[in-house]
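Read off the chains here:
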Amino acid sequence: MQTFGQQLINGLSLGSIYALLALGYTMVYGIIKLINFAHGDIYMLGAFWGYYVINGLHFNFILTLLSAMIFCAIIGVLIEYFAYRPLRNSPRITALITAIGVSFLLENGMTYLFSANARSFPQVLPTITYHVLGLRISNIQLIILGTACLLMILLELVIKQTKMGKAMRAVAVDPQAAQLVGINLNHTISFTFALGSAMAGAAGVLIGLYYNSIDPLMGMTPGIKAFVAAVIGGIGSVPGASLGGFLTGLLETGVQAIGLSAYKDAVVYFVLIVILLVLPAGIFGKKLKEKV
Amino acid sequence: MLDIKDLVVNYGAIQAIKGVSLSIHTGEIVTLIGANGAGKSTILQTISGLIRPVSGEITYLQHPLQRDAAPKIVRAGISQVPEGRHIFPGLSVQENLQMGAFIRKDRQNLAQSYAEVYQYFPVLKQRRYQDAATLSGGEQQMLAMGRALMSHPRLMLLDEPSMGLAPIFINEIFDIIRAINAAGTTVLLIEQNANKALAIADRGYVLAAGQIKLQGTGQELLDNQAVQQAYLGG
Ligand SMILES: Nc1ncnc2c1ncn2[C@@H]1O[C@H](COP(=O)(O)OP(=O)(O)OP(=O)(O)O)[C@@H](O)[C@H]1O
Ligand SMILES: [Mg+2]
């Protein structure tokens, strides 16, 4: 029971980071039907940004988080502008291959500039461990979980309540009709990349706090897992991505807890396959209904 | 108000519009009728800036339009009700209307625009918090028209608004088109339902295979033998 509670807390905090990352995949997919393979690398850039502003500029946690979000939002918008926009009307596979190329560029570029060595992420917050009902809960876990949930709620409000959020949804379901009411596709797509990348930037800083270690290839595996999370939730669905992220995190820590650490990734992918066999569109995925 | 001159539009190697000229004067209802595939929707998409013409000119209030992007054309006062409605599923009725007003800067007048739309279409007010995808076909058509009205257009382009609707809905839609026009909006109406369209139109054009074959007042076209045979069921 205690182990269970402990793993639940570990799983939720890790899962909240996957959820933040999965949101970016799902939003970008929703609007331009592109799996942005470079998304995990934007998260890596967020972590490196955090590393430098904490060490160099002595930013506190909030400033680090906000500046990483802004930095990554700008990077995301630039990637879309230079790499994906010119291919807007090309076959989807072209953009997909470009996304893989962008991912390699970021990973190798960062390795070249900063070396492949892992660095320890500076401790911007002192760790305090609470002992509650026999569970060990650190303030870092709570901050990760709280920050991630707060960001997800804010994102949901932006998407559901603001005019730009509604425009995003309009473009996602019907780009032609969106243009006919005067919505600018390019602005809306840039906005979507900015939002998704800001979430990835926040996730990068949070993972730095969680694992204390960052390196230029750190985005690969979590990127794929977050993508899996987005697919489990139903790609294109925002609540689905959050749920998928938490599920993935819980699954991973659960598998580790029962002593199968070596297989944790395999189990995540296995569950993905099972879910997709039962629910091909994911948990919250839409049955493709086209009304003409 | 709108003058189209020698418009040519291609889809790849296929020439869909082969030199069409037509004009719409302020305050009119002009109808464009023609068989399936004649090129009616293509003309509307070109006016709205979704398709670039190969050649020809579109002049709106003395300004060339054929190079402008869709949002700029909506801001200039041309709004389209697309064929097949194309409302935004997943957004509520009211959010769909809000998107119709996307380009509006005069926020203080928005409440009045909603009120106007709800007056034309009371059912939309009852359903305003409902997902637009749950509306019936006729209600979706009304929403598409309401959404187009929300931009406060001077020229409204309607693409087959009666398609797939029951006769009672069709009559209502045509009454409302007339009312919208009477309230000061110029209308370009595309219809399969040529009888009804010509009956409310000041003037009409008959399009066949990408070319204008006939033009005249609504009454002239209604009385025309060739039109009767081809489009009015003899
Ligand atoms: N996206 C497209 N790609 C290629 N050809 C197209 C495309 N859209 C339309 N066409 C062709 O252009 C011609 C005109 O089509 P358009 O949709 O303008 O006709 P329409 O008069 O609106 O017909 P309907 O009454 O069926 O709506 C048709 O031959 C059609 O097949
Ligand atoms: Mg058509």
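One structure accompanies this document, and this report is about it.

Cut-offs applied
Residues numbered from 1 in each chain as written. Chains lettered and ligands numbered in written order. Predicted model: local features only at pLDDT ≥ 70, side-chain atom pairs only at ≥ 80, totals over all residues. Heavy atoms only, no water. Core = buried A, V, L, I, M, F, W, Y, C linked by side-chain atoms within 4.5 Å. Buried < 20%, exposed > 50% of the residue type's maximum accessible area, 1.4 Å probe, protein only. Contact = heavy atoms within 4.5 Å. Buried area = accessible area lost by both parts, 1.4 Å probe. Salt bridge = Lys/Arg side-chain N within 4 Å of Asp/Glu carboxyl O. Polar contact = N/O pair within 3.5 Å; in protein donor to acceptor, adjacent residues only side chain to side chain. Helix = DSSP H or I, 4+ residues; strand = E, 2+ residues; numbered from the N terminus. Nonpolar A, V, L, I, M, F, W, Y, C, P; charged D, E, K, R; others polar. Donors = N, O, S within 2.8 Å, 3.2 Å for Na, K, Ca; no water. Near = heavy atom within 4 Å. Pairing = 2+ DSSP bridges. 1 Å grid on protein atoms, 1.4 Å probe; cavity = no way out; pocket = protein on both sides within 12 Å on 5 of 7 lines; lining within 4 Å. Points joined across faces, edges and corners; volume = space filled by probe spheres on them. Phe/Tyr/Trp six-rings, centres within 6.5 Å; stacked < 30°, edge-to-face > 60°. Lys NZ or Arg CZ within 6 Å of the ring centre and 35° of its normal. Axes fitted to C-alpha atoms, helices over the stretch in contact; angles between N-to-C directions. Parallel < 35°, antiparallel > 145°, perpendicular 65-115°, else oblique. Left-handed = near helix turned anticlockwise from the far one by under 90°.

1. Remarks on the nonpolar core
- In this structure, L20(A), Y84(A), I183(A), L206(A) and M99(B) are the most contacted members of the largest nonpolar core, which totals 82 residues.
- Those residues in contact with L206(A), other than ones at most four positions away along the chain, are I17(A), L20(A), F61(A), L65(A), I144(A), T147(A) and A148(A).
- In terms of nonpolar packing, the next biggest core, distinct from the first, is built from 36 residues, F121(B), L135(B), I177(B) and V187(B) among them.

2. A few points about the interface of chain A and chain B
- Facing 21 residues of chain A, the contacting portion of chain B comprises 27 residues.
- Both sides together, the interface formed by chain A and chain B hides about 2,000 Å², and carbon and sulfur atoms give 64% of it.
- Together, K163(A), L180(A) and V181(A) form the three largest contributors to the area buried by chain A at its contact with chain B, with a combined 33%.
- Summed over the shared surface of chain A and chain B, the number is 2 salt bridges.
- Between K166(A) and E95(B) there is a salt bridge, with its nearest N and O atoms 3.9 Å apart.
- The interface formed by chain A and chain B contains 6 residue pairs in polar contact (both at pLDDT 80 or more).
- Put simply, the parts of the chain that give the side of chain A that touches chain B at least two residues each are α6 (163–173) and α7 (175–180) of chain A.
- With 7 residues, α6(A) is the single largest residue contributor to the side of chain A that touches chain B.
- Here the residues of the side of chain A that touches chain B are counted per class, giving 10 nonpolar, 4 polar and 7 charged.

3. Here we look at the coordination of the magnesium ion (ligand 2)
Residues and elements named next belong to chain B.
- Taken together, S41 (OG) and E83 (OE) make up the full set of protein donors to the magnesium ion (ligand 2), lying 1.9 to 2.2 Å away. Of this pair, S41 sits in helix α1 (residues 40–47) while E83 sits in the loop between β6 (78–81) and α3 (93–100), placing them 42 residues apart in sequence.
- The exposure class assigned to S41 is partly exposed, which follows from its relative accessible area of 21%.
- When its relative accessible area of 32% is taken as the criterion, E83 is described as partly exposed.

4. Topic: the site of ligand 1
All names here are of chain B.
- Lining the immediate surroundings of ligand 1 are 13 residues, of which G37, K40, S41, T42 and E83 lie closest.
- The separation between an oxygen atom of ligand 1 and a polar side-chain atom of E83 is 2.8 Å.
- Measuring from an oxygen atom of ligand 1, one finds a side-chain N or O atom of E160 at 3.0 Å.
- The dominant element in the shell around ligand 1, judged by the number of residues it contributes, is α1, at 3 residues.
- For the shell around ligand 1, a count of residues per class yields 4 nonpolar, 6 polar and 3 charged.

5. Regarding the pairing of strand β3 (residues 135–138) of chain A
- Where strand β2 (residues 129–132) of chain A lies against β3(A), 4 bridges are found, and the strand directions are antiparallel. Across the sheet, residue T129(A) finds its bridge partner in β3(A), namely S138(A).

6. Observations concerning the pattern of salt bridges
Residue and element names in this part refer to chain A.
- A complete count under the given rule lists 12 salt bridges over all chains for this structure.
- Put simply, E252 and K264 hold a salt bridge, and the shortest N to O gap is 3.6 Å. One end of the pair, E252, is in helix α10 (residues 238–257); the other, K264, is in helix α11 (residues 264–278), and 12 residues separate them in sequence.
- On the accessibility criterion, E252 (1% relative accessible area) is buried.
- Linked by salt bridges that have partners in common, K225, E252, K264 and D265 make up one network.

7. Quick look at the layout of surface pockets
All names here are of chain A.
- The computed volume of the second largest pocket comes to approximately 220 Å³.
- Contributing to the lining of the second largest pocket are 14 residues, with Y43, Y211, M218, T221 and P222 lying nearest its centre.
- Those elements giving two or more residues to the lining of the second largest pocket turn out to be α1 (2–32), α8 (185–211), α9 (220–233) and α11.
- It is α9 that provides the largest number of residues to the lining of the second largest pocket, a total of 3 residues.

8. Description of the packing of aromatic side chains
- Applying the stated rule across the entire model yields 11 aromatic pairs over all chains.
- Taking the centre distance of 4.5 Å and the plane angle of 15° together, the rings of W49(A) and F71(A) count as stacked. Of this pair, W49(A) sits in helix α2 (residues 39–57) while F71(A) sits in helix α3 (residues 61–84); the two residues are 22 residues apart in sequence, bridging distant segments of the chain.
- The class for F71(A) is partly exposed, based on a relative accessible area of 24%.
- Residues Y81(A) and F82(A) carry aromatic rings whose centres are separated by 5.1 Å and whose planes lie at 85° to one another, so their mutual orientation is edge-to-face.
- Taking relative accessible area as the criterion, F82(A) reaches 62% and is therefore assigned exposed.
- Taken together, the aromatic side chains of F48(A), Y51(A), Y52(A) and F114(A) make up a single cluster linked through ring pairs.
- Against the face of F102(B) rests K163(A), its NZ or CZ located 4.8 Å from the ring centre.
- Directly above the ring of F88(B) sits R147(B), whose terminal nitrogen or CZ lies 4.8 Å from the centroid.

9. As for empty space enclosed by the protein
- Summed over all chains, the structure comprises 1 cavity of 30 Å³ or more.
- Within this model, the largest cavity holds a volume of roughly 40 Å³.
- Around the largest cavity, the lining residues are L180(A), V181(A), V74(B), S79(B), Q80(B), G100(B), R147(B), A148(B) and S151(B).
- Here the residues of the lining of the largest cavity are counted per class, giving 4 nonpolar, 4 polar and 1 charged.

10. Quick word on the packing of α1(A) against α2(A)
All names here are of chain A.
- Between α1 and α2, the least distance of the axes is 10 Å, while the angle of their chain directions is 130°. Overall, the two elements α1 and α2 adopt an arrangement that is oblique. For the pair α1 and α2, the sense of crossing is right-handed. Side by side, α1 and α2 meet where I17, L21, G24 and Y25 of the first sit next to H39, G40 and Y43 of the second.
- Taken together, the residues of the contact of α1 with α2 sort by class into 4 nonpolar, 3 polar and no charged.

11. Section: the sheet that holds strand β9 (residues 203–208) of chain B
Residues and elements named next belong to chain B.
- Here 6 strands make up an open sheet; going across it, the order is β6-β7-β8-β3-β9-β10 and the pairing mixed. Pairing within the sheet leaves two strands with one partner each, and these edge strands are β6 and β10 (211–217). Between one strand axis and the next, the sheet turns through 15° on average, direction left out of account.
- Where strand β3 (residues 29–34) and β9 come together, 5 bridges link them in parallel fashion. Bridging from a neighbouring strand, L32 pairs with Y205 of β9.
- Strands β6 and β7 (155–159) of the sheet are contacted by helix α6 (residues 137–149), whose axis makes an angle of about 170° with β6.
- Relative to the sheet, helix α7 (residues 167–182) contacts β3, β7 and β8 (186–191), its axis offset from that of β8 by approximately 155°.

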